[in-house]
Amino acid sequence: MQVRALEFRVEDVKEPVGIFVFEDDRENLNFLGGLRDQVEKLLSVENFKGKEESIAKVSLLVEDKVRVFYLVGLGKREKSTEDTYRTASALLTKRAKKDNVKELYLYAGELSFRISKAVAEGAILGRYRFDKYKTKKEEEERVDLEMLCVHGADEQGIRMGEIFAKAQNFTRDLVNEPGNVINPITLAEIAQRVAQEGGLQCRVYDEKEIQEMGMYALWSVGKGSATPPRFVHMVYKPEGEPKARIAVVGKGLTFDSGGLNIKTGDYMRTMKMDKSGACAVIGIMKALSELKPQVEVHGIFGAAENMPSGTAYRPDDIIRAMNGKTIEIDNTDAEGRVTLADALSYASNLGVSRIIDMATLTGACMVALGEYTAGLFTNDNGFGEELLELSKLTGERMWKLPLDDKKLREKIKKGEGDVLNSGGRYGGAITAAMFLEEFVKEGIKWVHLDIAGPAHLREEFSYYAKGGTGFGVRTCLEYVIKLSEGENQ
Ligand code: BES
Ligand code: MN
Ligand code: ZN
């Protein structure tokens, strides 16, 4: 679907028109001109009050032609945020798609750069479906929503929103692919293709090179699978001197069966999504090749499949990671942190000042925060705060959890190696984050996002369909843009 900024009058278009209306201020209805009274009367039948996340469709005959209007509620004006517009926009395109609308118009008032961007994002995110494996498309005969024309919008904002949302949808497509289609080898190939198309550098290391680099942690997790692991390093370099150099690192388990500590059926279901962090990295790198910010960005992930077999790594194994630290395996199902040990060690050697990692790391984080909020952990409060602020704009909910509990830290220091890969049940998201911190080089500012909950949804909600969400893509992109527009770091 295309989104365009376009000035139009209700009288001059024949296609359906969406109008966003506040609960306490229906000024936007003036856009209807002479039709306002009629529409208001029909709205009172629909009991439409402009409440947030409400939508009403009204149809009327004007000079013998049917005109369709979608009224979308924004709630109270003073409470509205960028995400209010993003959600309203998604509601509108979802509904229009269902109603077989091909071309849609929208009036939402005079829109700033940021709000125009949010409207474009919501429209594109809301329309998303993962239905490529339905051989007989339910909607075979149906037309698809192809165009949204937005009145009073900022062209640049629309363009940027389009890049952000398309990158997020690309990530969602990858997350939704099952383990028989995306394995460590094919995921690395996808990264390579994205890099090639976007003019990025990309280096893929195979299982032999992984061992040569001393990445025995990643290698061990992958060695139980018939498909060997891969390590992927993508780079976006701007022209001229970059304002900052950063790395984004993702957990890339193409499937997590638990390994020898095998999961039960219920918990194994949906574990194709355990690659969400890596898929977010690929989506981010794709967008950067279009946004061209003045920041050097390294996109990094280890791809592996955690399987039980005669060649699988075991509980009790003691493994040396790339930075020289040894890991004792308590539980083969705590595999994500083991692969990230090497990815973070590698990222620490690139001369970057900051690292953000995204990982579907712990069920414990979902117990703590629910399915819709990511846990944020950091060794630098200023950096953490910057991301938390941006997450309020993007609607990607994040909440800070602590790393300063010395007693909890002792739990991963027990055993015969330098670190133990599980700290037990209590504070599970925190001990996992503390484990990761062991592999981030001193002096590098680091944020870890535990996205186990929000990376994947069992049911549709807001601008998300069920399945992969692409969580983290937009907040990370906002951060890169912020660095690009700010002082040298
Ligand atoms: N990939 C899982 C975490 C997960 C769980 C993500 C549910 C999304 C939804 C991770 O590898 C895992 O198995 N973690 C264990 C750690 C435990 C064995 C210490 C967990 O959270 O149960
Ligand atoms: Mn696991
Ligand atoms: Zn996992």
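These numbers come from a predicted model, not from an experiment.

Asker: I'd like a description of the coordination of the zinc ion (ligand 3), backed by residues and values.
Answerer: Within the protein, Lys251 (NZ), Asp256 (OD), Asp274 (OD) and Glu335 (OE) serve as the donor atoms for the zinc ion (ligand 3), at 2.0 to 2.4 Å. Between the two metals, the zinc ion (ligand 3) and the manganese ion (ligand 2), the spacing is 3.2 Å, and Asp256 donates to both. Here Asp256, found in strand E9 (residues 245-256), pairs with Asp274, found in the loop between helix H8 (265-268) and helix H9 (276-291); they are 18 residues apart in sequence, far enough to count as distant. With relative accessibility at 3%, the residue Asp256 sits in the buried group. With relative accessibility at 2%, the residue Asp274 sits in the buried group.

Asker: So what's going on with helix H15 (residues 473-485)? Residues and values would help.
Answerer: With 13 residues, H15 should cover 18 Å at 1.5 Å per step; its first-to-last C-alpha distance of 19 Å lies within 8% of that length. For H15, the set of buried residues is Val473, Arg474, Thr475, Cys476, Leu477, Glu478, Tyr479, Val480, Ile481, Leu483 and Ser484.

Asker: Tell me what's going on with the nonpolar core, and back it up with residues and numbers.
Answerer: Ranked by size, the top nonpolar core spans 57 residues in total, and within it Met234, Ile282 and Phe301 carry the most contacts. At ten residues, H9 tops the list of elements feeding residues into this core. With near-sequence residues (within four places) excluded, Phe301 lies in contact with Leu187, Ala191, Arg230, Phe231, Val232, Gly250, Ala278, Val281 and Ile282. Within the second largest apolar cluster, 46 residues are counted, among which are Ala341, Leu361, Leu408 and Met434.

Asker: Explain the site of ligand 1 residue by residue, including any values.
Answerer: In the neighbourhood of ligand 1, 17 residues make up the surrounding shell, with Lys263, Asp274, Asp333, Glu335 and Gly363 lying closest. At 2.9 Å, a side-chain N or O of Asp256 approaches an oxygen atom of ligand 1. Residue Lys263 places a side-chain N or O atom 2.8 Å away from an oxygen atom belonging to ligand 1. Its residues assigned to classes, the shell around ligand 1 comprises five nonpolar, five polar and seven charged.

Asker: Please set out the pattern of salt bridges residue by residue, giving values where relevant.
Answerer: In total, this model carries 41 salt bridges according to the counting rule given. Glu40 is paired through a salt bridge with Arg26; the nearest N and O atoms lie 2.8 Å apart. On the criterion of sequence distance, the pair formed by Glu40 in helix H1 (residues 36-46) and Arg26 in the loop between strand E2 (17-21) and H1 is long-range, its members being 14 residues apart. Accessibility expressed as a relative area gives 24% for Glu40, which makes it partly exposed. A residue is classified by how much of its surface remains accessible, and Arg26, at 24% relative accessible area, is partly exposed. For Asp144, the salt bridge is made with Lys97, and the minimal N-O distance between the two is 3.5 Å. Here Lys97 lies in helix H2 (residues 82-98) and Asp144 lies in the loop between helix H3 (113-126) and strand E6 (147-150), a separation of 47 residues in the sequence. Given the relative accessible area of 32%, Asp144 is considered partly exposed. Residue Lys97 is classed as buried on the basis of its relative accessible area of 11%. What emerges from the salt-bridge pattern is a single network uniting Glu82, Asp83, Arg86, Arg114, Lys117, Glu121, Arg474 and Glu478.

Asker: Could you give an account of the domain arrangement of the protein chain, with specific residues and numbers?
Answerer: Splitting the protein chain by domain gives domain 1 (2-152) and domain 2 (164-484). Contact residues are listed per partner, giving 17 residues for domain 1 and 21 residues for domain 2. Of the roughly 1700 Å² buried where domain 1 meets domain 2, counting both sides, 55% is carbon and sulfur surface. Contact with domain 2 buries area across many residues of domain 1, yet Leu125, Tyr128 and Phe130 alone supply 36% of it, more than any other trio. Taken together, the connections running from domain 1 to domain 2 amount to five salt bridges. Lys94 is paired through a salt bridge with Glu460; the nearest N and O atoms lie 2.8 Å apart. For the pair domain 1 and domain 2, the number of links is 13 residue pairs in polar contact (both at pLDDT 80 or more). Listed by contribution, the elements that provide at least two residues to the side of domain 1 that touches domain 2 are H2 and H3. Taken together, the residues that form the side of domain 1 that touches domain 2 break down as six nonpolar, two polar and nine charged.

Each value, and the rule that gives it
- Residues numbered from 1 in each chain as written.
- Chains lettered and ligands numbered in written order.
- Predicted model: local features only at pLDDT ≥ 70, side-chain atom pairs only at ≥ 80, totals over all residues.
- Heavy atoms only, no water.
- Donors = N, O, S within 2.8 Å, 3.2 Å for Na, K, Ca; no water.
- Helix = DSSP H or I, 4+ residues; strand = E, 2+ residues; numbered from the N terminus.
- Buried < 20%, exposed > 50% of the residue type's maximum accessible area, 1.4 Å probe, protein only.
- Expected span 1.5 Å × (residues − 1).
- Core = buried A, V, L, I, M, F, W, Y, C linked by side-chain atoms within 4.5 Å.
- Contact = heavy atoms within 4.5 Å.
- Near = heavy atom within 4 Å.
- Polar contact = N/O pair within 3.5 Å; in protein donor to acceptor, adjacent residues only side chain to side chain.
- Nonpolar A, V, L, I, M, F, W, Y, C, P; charged D, E, K, R; others polar.
- Salt bridge = Lys/Arg side-chain N within 4 Å of Asp/Glu carboxyl O.
- Domains from an automatic or database assignment.
- Buried area = accessible area lost by both parts, 1.4 Å probe.

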